[in-house]
Amino acid sequence: MTTVAEPTAVDAPVPPPAGSGAGGPAAQATISVRNLWKVFGPAEHRLATGSAAIPSAESIDAAVHRHGGMIAVNDVSFDVRPGEVFVVMGLSGSGKSTLVRCLTRLIEPTFGEVDLDGENIRKASQERLRELRRRRFSMVFQNFGLLPHRRVLENIAFGLELRGEPKATRLARAEEMLGLVGLDGMADRYPEQLSGGQQQRVGLARALAGNPEVMLLDEPFSALDPLIRRDMQNEVIRLHHDLRKTMIFITHDLAEALKLGDHVMIMRAGKVVQIGRPEELVARPADAYVEDFVRDIPKSHVLTLRWVMRPATADDPVDGPVFRSDAVIRTALHAAASTEKPIRVVDDGRLLGVVDRAAILESVAGQPEKAPPGPGSAVEGSPNPRPSVRIEGVNDPTQETAEFLVDNLADRSAGEGRR
């Protein structure tokens, strides 16, 4: 996964982020899901014949219509790489919460495979499954799930208590987690004495206390007020940066998904609609359903320069500002405003292309170029090559505002230069 990182300077290439845990294409997936189905109701018993072969989709549909029931998860497949945040996003009834519970068999899947580092969880015995849940998985729920009669420290240590850890060991670990999530000084409080955000921090600390390999978070912030929700999103980003845990995060909020996810999977009616990096979903929605979701997302806050660069020509200046291809467009706004020269997109000392001020302006105005890639593209590695565009006849008030902003930034930079 390409990690979006703001460049630290515009006069030199920025090194890739250190400690990326997403792994390359060849890295083995931590979680691998293949052809997962969950059917509720009488039809499931009719379908579960003991055969290893998965019936066709038509056969499953026919059984549901004939015997009654519903398909909650419909032939879902995906991989989660080590150390990444994989977000499953969908509206109510899309099957996302059922899916995450199938991963640890809190809900038993009807068909399909779920592998954890190559181990087929569906074949695990009940004893092995309990061990996996206690030591390799942890889960954070929407309703916090704190024990009201126990203090904060005891709630954090509860999972370790179930594992049989000595009291001194688990309380010491709980104290460590308390500081990690910013709840120093609250060890002796009871859940009712905490705000919603503080209670969810306790839930996060409890999930982290067992040092799990995979964290499953099922809409953990949906019941929180907007400001507290934003703080908790930032907390997840910080914890992920510090601990590099593999996380599967469930949400119905697209903005939250794009903010947190290395990859995002959008579900509808139990099916996968699209899987991709946040910028891929915004730039190339798979269908009208996804396109409607991303319509109001500020593209300059999500897309990277790779999506708006064009091939460099012999006439382009060679001393323009330099950014990496994974720099978010909005981070290049000031650089674009301070010079007439195009931004040079450079990775590891190699020029990939250039970005004109017009392209930056288009993305700020919410009108990015959407030309699909085609054969013979001259921009090496570009997911969406685009031609140089001149903006004429501007009538859109949003675009006029963006032009005004860029022009004023340029004037300010020129004035500072004279001083």
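In this numbering scheme, every chain counts its residues from 1 along its sequence in written order. Per-residue local features are limited, in this predicted model, to residues with pLDDT of at least 70; the limit for side-chain atom pairs, both in listing and counting, is 80 or more; totals at the level of whole chains, interfaces and linings are taken over all residues. Side-chain figures throughout are based on the complete set of non-hydrogen atoms in the structure, without hydrogens or water.

Visitor: Please provide a residue-by-residue account of the packing of helix 8 (residues 196-209) against helix 9 (residues 226-243), values included.
Guide: Only the stretch in contact is used when fitting a helix axis, every axis being a line fitted to C-alpha atoms; angles between N-to-C directions are given from 0 to 180 degrees. What counts as a helix is a DSSP run of H or I of at least four residues, what counts as a strand is a run of E of at least two, and both are numbered from the N terminus. At a minimum axis separation of 10 Å, helix 8 and helix 9 run at an interaxial angle of 20°. Compared by their axis directions, helix 8 and helix 9 come out roughly parallel. As for how helix 8 packs across helix 9, the hand of that crossing is right-handed. Contacts between helix 8 and helix 9 involve Gly197, Gln200, Arg201, Leu204 and Leu208 from the first element and Ile228, Asp231, Met232, Glu235, Leu239 and Leu243 from the second. Gly is put with the polar residues, along with every residue not named as nonpolar or charged; the nonpolar set is Ala, Val, Leu, Ile, Met, Phe, Trp, Tyr, Cys and Pro, and the charged set is Asp, Glu, Lys and Arg. Class assignment for the residues of the contact of helix 8 with helix 9 results in six nonpolar, two polar and three charged. Orientation categories follow fixed angle ranges, with anything under 35 degrees roughly parallel, anything over 145 roughly antiparallel, 65 to 115 roughly perpendicular, and all other angles oblique. Crossing handedness follows the turn of the near helix against the far one: under a right angle anticlockwise gives a left-handed crossing, and clockwise gives a right-handed one. Any pair of residues with heavy atoms lying within 4.5 Å of one another is described as a contacting pair.

Visitor: Lay out the sheet that holds strand 3 (residues 85-89) in plain terms, naming residues and giving numbers.
Guide: Adjacent strands of a sheet form backbone hydrogen bonds with each other and so pair up, either parallel or antiparallel. One open sheet accounts for six strands, arranged 6-7-8-3-9-10; its pairing is mixed. The two strands at the open ends of the sheet, each matched to only one other strand, are strand 6 (137-140) and strand 10 (271-276). Pairs of neighbouring strands in the sheet enclose a mean axial angle of 15°, with direction left out of account. At least two bridges found by DSSP between two strands are what make those strands a pair. Two elements, strand 6 and strand 7 (residues 214-218), share four bridges in a ladder whose sense is parallel. Paired with serine 138 across the bridge in strand 7 is methionine 215. Along the sheet, helix 3 (residues 96-103) makes contact with strand 3, strand 6, strand 7, strand 8 (246-251) and strand 9 (263-268), crossing strand 8 at roughly 150°.

Visitor: Describe the nonpolar core, and please don't skip the residues or the numbers.
Guide: Take the buried Ala, Val, Leu, Ile, Met, Phe, Trp, Tyr and Cys residues and link them wherever side-chain atoms come within 4.5 Å; each set so joined is a nonpolar core. Relative accessibility under 20% of the residue-type maximum defines a buried residue, over 50% an exposed one, and the middle range a partly exposed one, all with a 1.4 Å probe and only protein chains included. Ranked by size, the top nonpolar core spans 66 residues in total, and within it Ile156, Leu204, Met215, Leu305, Val355 and Ile360 carry the most contacts. Here this core takes six residues from helix 8, the largest share from any one element. Among all residues touching methionine 215, those that are not within four sequence positions of it are Ser138, Val140, Leu204, Ala207, Leu208, Lys245, Thr246, Met247 and Ile248.

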